[in-house]
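Structural features, examined
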Amino acid sequence: MKIICTVEVSDRNLPSLNLPSKKSVRSSLAIGKSGDKELYILHQTNQNGSGKKYKINNANVRTLDNRILRLRNLCVLYLENNELTTLPEQLGSSLPKLTEMHLRDNSLGLGGNWKWIVNGNLQKQLKLLDLRSNKISVLPDKLVKLANLVTLNVDDNRLESLPNALGYMRSLRFFTASKNQISYLPGSIKLLRLECLDLSHYVFCEKLNKKVTAKDFLFVPPLVDIAAACVITKRLYFSEATLPQTLIDHLESASFCVCGKPCFSQQPESYIPYRGLCDCIITTVNRRDFKISVRYCSFQCYSKEERLFFPQY
């Protein structure tokens, strides 16, 4: 059997691997197959027993070996160029110090199970997430729960839209999503304090703006929309333990008015140019093609935006 891969793993001595623990042994490498015939590679050194980094690239791994979850001090996880379709749900709770996940060139978009994002400490600890080339058609709404994520890379996927609640990720500073087919950006992106936005090689579609009148705002919103807006505005905590999944999905589907207030499907929608912050580096072919989808909480907000943007285009 010939194995071609890159391995960089550090951890304390794991008894289950029957690795020698003599002081004269500086490192031990275990390569083999687990009970389900999947390849595992674990490397233990005495010099660096804190388990800061794990790397297994180009090994055609389909499932992550659960023994990796014993590396309690793991901070950086490299699993690039494999065949992963999902990750263990207990990943966050088992690896409480994990801050970076490099998952480029896998098939996570085909698995459809993203529960590992919201379990454990990932929501608070994760700073960098690389999901390039993962055959992802729809980014999960759960992604916005990564409240402290600073860098997100979703280049070279099959995305046609982004989560409406992207603006929840208030710590996000570097967002790159080139080589996709997104026709517009969610309005909540205006709430982000981005330093770098890469949307090169995009396929932006022209959106026809329907004329909005004052009559479009003459409706009584459902109670569920009023309650959801209150929860979002006050930033009340909610989870599967406190709310049914249907209400969580409704909360996470919220759009945002240009003034920052949450809006839902009954509010009129329009598409306006996105210019970003003055100090935000935007990479694209033509910035005039940038459109963001916004809903309006009132006719006053719509009139203000119409005077500001549409006469220029």
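Assigned secondary structure in the chain consists of six helices and 16 strands. With 313 residues in all, the chain has 46% of them scored as buried. Nonlocal contacts in the chain, meaning residues at least 24 apart in sequence, comprise 54% of its contacts between residues at least 6 apart.

Our focus in this paragraph is the pairing of strand β14 (residues 269-273). Most of β14 sits inside the fold, with four of its five residues counted as buried. In this structure, β14 lies alongside strand β16 (residues 291-295), joined through five bridges in antiparallel fashion. Bridged to E269 within β16 is R295.

Scanning the model with the defined rule gives six salt bridges in all. The salt bridge partner of E80 is R104, with a shortest N-O separation of 3.1 Å. With E80 in the loop between β5 (76-78) and α1 (91-94) and R104 in the loop between β6 (100-102) and α2 (108-111), the pair connects residues that are 24 residues apart, well separated along the chain. Using a relative accessible area of 11% as the deciding quantity, one classes E80 as buried. Judged by its relative accessible area of 27%, R104 falls in the partly exposed class.

Calculation criteria
- Residues take numbers from 1 onward in each chain, read along the sequence in its written order.
- Confidence filtering applies because this is a predicted model: local features only for residues at pLDDT of at least 70, side-chain atom pairs given and counted only at 80 or more, and all residues used for totals across whole chains, interfaces and linings.
- In computing side-chain values, all of the structure's heavy atoms are included and hydrogens and water are not.
- Helix numbers and strand numbers start at the N terminus; a helix is a DSSP run of H or I with at least 4 residues, a strand a run of E with at least 2.
- Throughout this description, buried means an accessible area under 20% of the type-specific maximum (1.4 Å probe, protein chains only), exposed means over 50%, and partly exposed covers the range between.
- Should any heavy atoms of two residues lie within 4.5 Å, those residues are considered in contact.
- Strands qualify as paired when DSSP identifies two bridges or more between them.
- Just to be clear on terms, a salt bridge is a Lys or Arg side-chain nitrogen sitting within 4 Å of an Asp or Glu carboxyl oxygen.

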